[in-house]
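Architecture and fold: a report
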Amino acid sequence: MSGTALTSTTRRTLLRLLWALLAANAVALAGCLAVFLGVQRTTEAAADRSVPAILAVYDAQVALREAHGAAVASFAACTRLLAGPGEDYQNQIARAGQHLAEVAEDNAAGDEGSRDIQVVEASLVTYTGLIERAHAHFAQPDGGALGAAALRDASGLLEEILDRLDLLRGKQVAALDRQVDGTWTGPAMVLLWLLPVLVLGGLLVAAQLFLRDRFRRVLNAPLLLATLAVVAMGGTTATSLRSTDQLADARTETGSAARARETQLTSLVDRDAGRLAALLAAAYAPTPCPDTAAQPRPPRKAASDDGPDSPAGKAWTHSQEATTLAARGANSRGGEIVLLATSLLAATLVIFGLLPRLEEYRYRQR
C-alpha cells in the first residue's frame, strides 16, 4: 500500500474522531442542560409556590380556628361590651388574611385554586360581618338570643370556609405531587444525560488509544484534560439527582407538618366546642354580666400548647424543614454556567489535542 494511502487513511480517521468528539460533546451538553434546567424549574416552582401555598393554607385554617375561639371566649367572658370580639380575635383574623394573601400569591393550582381563594375571601367577609353582628346583639341587654343566632351562623360559615380551604390545599398538594413525580424528576431522565456523557467519555478513550497506537505516545494531555472536563460535566448534572431527593424530602416534611396541623386543628375544635355550646345555651336564659371592666381577658392558650413537642411546635418544625429542603433543592449553585464552561473547555481541548496531529499529516507522507 502506498504512503499516500496511509496518510489519507490516518488523516480521515483523525478528522472523523474530531467531528465525532465535537458532535458528542454538543449532544452531551444538550442532554445535561435539558435535565439540569428541567429539574431546576421544577424545584423552583415547588419551593416558590407549591410548598409555601400548602403551608399557608394550614396556617390560615389555624388562624381562623384561633380567631373563632377567641371570639367565643370573649363573648362568654362578657368582655364583649367593652372590646367586641376581642383583640385576640382581631389579630388572628388579620393573620388569616395575610396567609390567604400568601396562598393567592403562591397558588400552584391554576385557575381552580384562584376561584377557591376568591370564594374563601368573600366568605370571610361575610363571616366577620356575622361576628360583628353577634357582638352588636350581645352588647344589648336583651340581645342574647339574636347574638347567639348570629354566632351560630358564623360557626356554620366557618366550617364551610375551612372545608373550602381543605379543597384548596388538596389542589396545592396535587401540584406538588406532580412536581415530585413529574417527567424531569423521574429516574428515566438520568439516561437522557448519562448515556451521552458515557459515549463522549468512550470516544475520548478511543481517541487516546488511537493516538497511542499511531503516534507512539502514552497520553495526549489535552484529551486527558478534556476527559476530566466531561467528568465534571457529568458530576454537575448528577447534582440534579440530589435536588430531586431534596424535593421528595420536602414533600415528606410537608406531610408531617400536615399531620401535626390536623392534630392542632382537632384540639382547637375540642377546646371551643364545649364553650360554644354553653354560650349558645346560656343565651336563651341569660344572667346579667358583672361589671365588664372587672372581667379578666379571654383565656389564652397554655404555654405548653406552643412547646416544641406540641402539635403547633411540631407543625412549625416540619414546616421550616420543608421550606429549607425545597429551597436547597431549588438552588442551582450556578450549575448551568458550569455545564456551559466545561463543555466549551472540553471542545477546545479536543481541538488542541487533535489539531497538531492533523497538521502533521497535511503535507508529509508515511
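Residues numbered from 1 in each chain as written. Predicted model: local features only at pLDDT ≥ 70, side-chain atom pairs only at ≥ 80, totals over all residues. Heavy atoms only, no water.

1. Some remarks on helix α4 (residues 110–138)
Note the following rule: Here a strand is any run of E in DSSP of at least two residues, a helix any run of H or I of at least four, and the numbering for each starts at the N terminus. By this rule the span expected of a helix is its residue count minus one, scaled by 1.5 Å. Exposure classes here rest on a 1.4 Å probe applied to the protein chains alone. A residue is buried below 20% of its type maximum, exposed above 50%, and partly exposed in between.
With 29 residues, α4 should reach 42 Å at 1.5 Å per residue; the first-to-last C-alpha distance of 42 Å fits that figure. Buried within α4 we find G113, D116, I117, V120, S123, L124, Y127, L130, I131, A134 and F138.

2. Some points on the environment of R152
On the secondary structure map, R152 appears in helix α5 (residues 144–180). A relative accessible area of 42% means that R152 is categorised as partly exposed.

3. Details of unusual backbone geometry
Positive phi is not limited to glycine here, since R333 has a value of about 55 degrees. The residue R333 is located in the loop between α8 (311–330) and α9 (335–363) in this model. Of the residues examined, R333 reaches a relative accessible area of 59% and is grouped as exposed.

4. Section: the packing of helix α3 (residues 87–106) against α4
To be explicit about the condition: A fitted line through C-alpha atoms serves as each axis, taken over the contacting stretch for helices, and the angle formed by two N-to-C directions is quoted from 0 to 180°. Any angle that is under 35 degrees is reported as roughly parallel, and any over 145 degrees as roughly antiparallel; angles of 65 to 115 degrees are reported as roughly perpendicular and all others as oblique. Contact definition: two residues touch when any of their heavy atoms are within 4.5 Å.
For the pair α3 and α4, the least separation of the axes is 11 Å and the interaxial angle reads 170 degrees. In terms of axis orientation, α3 runs roughly antiparallel to α4. In this structure, α3 contributes Y89, Q90, I93, L100, V103 and A104 to the contact, and α4 contributes I117, V120, E121, L124, Y127, T128, I131 and E132.

5. Here we look at the side chain of S319
Locating S319 in the fold gives a position in helix α8. Those residues within four positions of S319 in sequence are excluded, and the remaining contacts are L55 and A257.

6. Brief notes about the nonpolar core
Under the convention used in this document: Here, nonpolar core refers to any group of buried Ala, Val, Leu, Ile, Met, Phe, Trp, Tyr and Cys residues whose side-chain atoms link them within 4.5 Å.
Counting residues in each nonpolar core, the largest one holds 35 residues, and the members touching the most others are L64, F75, Y89, Y127, I131, L151 and L165. Those elements giving two or more residues to this core turn out to be α1 (3–76), α3, α4, α5 and α7 (221–283). If we skip the residues at most four places from it in the chain, L151 touches H68, V72, F75, I131, A134, F138, L276 and L279. Listed in part, the 32 residues of the second largest apolar core include A24, L33, F36 and V230.

7. Let's talk about the environment of G129
Relative to the assigned elements, G129 resides in helix α4. Separated by 25 residues in sequence, G129 and A154 have C-alpha atoms that sit 8.6 Å apart.

8. Some remarks on a nonpolar patch on the surface
Put simply, the test is: Patch membership is restricted to residues that have no salt bridge and whose relative accessible area is over 30%. Joining uses 9 Å for like charges and 5 Å for the nonpolar side chains Val, Leu, Ile, Met, Phe, Trp and Tyr. For every accessible area listed, the method is Shrake-Rupley and the probe measures 1.4 Å; residues are considered covered only by the protein chains on display. By definition here, a salt bridge exists when the distance from a side-chain nitrogen of Lys or Arg to a carboxyl oxygen of Asp or Glu is within 4 Å.
Side chains of L191, L194, L195 and L198 sit close together on the surface and give an oily, nonpolar patch of about 360 Å² of accessible area. Secondary-structure assignment places L195 in helix α6 (residues 189–215).

9. Some words on the pattern of salt bridges
Applying the stated criterion across every chain, the model contains 10 salt bridges. Between K171 and E112 there is a salt bridge, with the nearest N and O atoms lying 3.8 Å from each other. With a gap of 59 residues between them, K171 in helix α5 and E112 in helix α4 connect regions that are remote in the sequence. Assessed through its relative accessible area of 25%, K171 is described here as partly exposed.

10. Structural notes on the packing of α4 against α5
Our working rule: Crossing handedness is defined as follows: a turn of the near helix away from the far one that is anticlockwise and smaller than a right angle gives a left-handed crossing, while the clockwise case is right-handed. Residues are grouped as follows: Ala, Val, Leu, Ile, Met, Phe, Trp, Tyr, Cys and Pro are nonpolar; Asp, Glu, Lys and Arg are charged; all remaining types, including Gly, are polar.
Contact pair α4 / α5: the axes reach a minimum separation of 8 Å and the direction vectors enclose 165 degrees. Taken together, the axes of α4 and α5 are roughly antiparallel relative to one another. The two elements α4 and α5 meet at a crossing, and its hand is left-handed. Residue composition of the contact of α4 with α5, grouped by class: 19 nonpolar, six polar and six charged.

11. Focus: the environment of P187
By the element assignment, P187 lies in the loop between α5 and α6. Separated by 57 residues in sequence, P187 and T244 place their C-alpha atoms 9.7 Å apart.

12. Describing the side chain of Q172
Using the following cut-off: N or O atoms within 3.5 Å of each other form a polar contact, as long as, within protein, one can give a hydrogen and the other can take it, and as long as residues adjacent in sequence are counted only when both atoms are side-chain atoms.
Relative to the elements of secondary structure, Q172 occurs in helix α5. Take Q172: its relative accessible area is 0%, and that puts it in the buried class. Of note is the side chain of Q172, whose polar atom sits 2.9 Å from the backbone nitrogen of A108. Beyond its immediate stretch of four places on either side in the chain, Q172 contacts S50, A53, I54, N107, A108 and A109.

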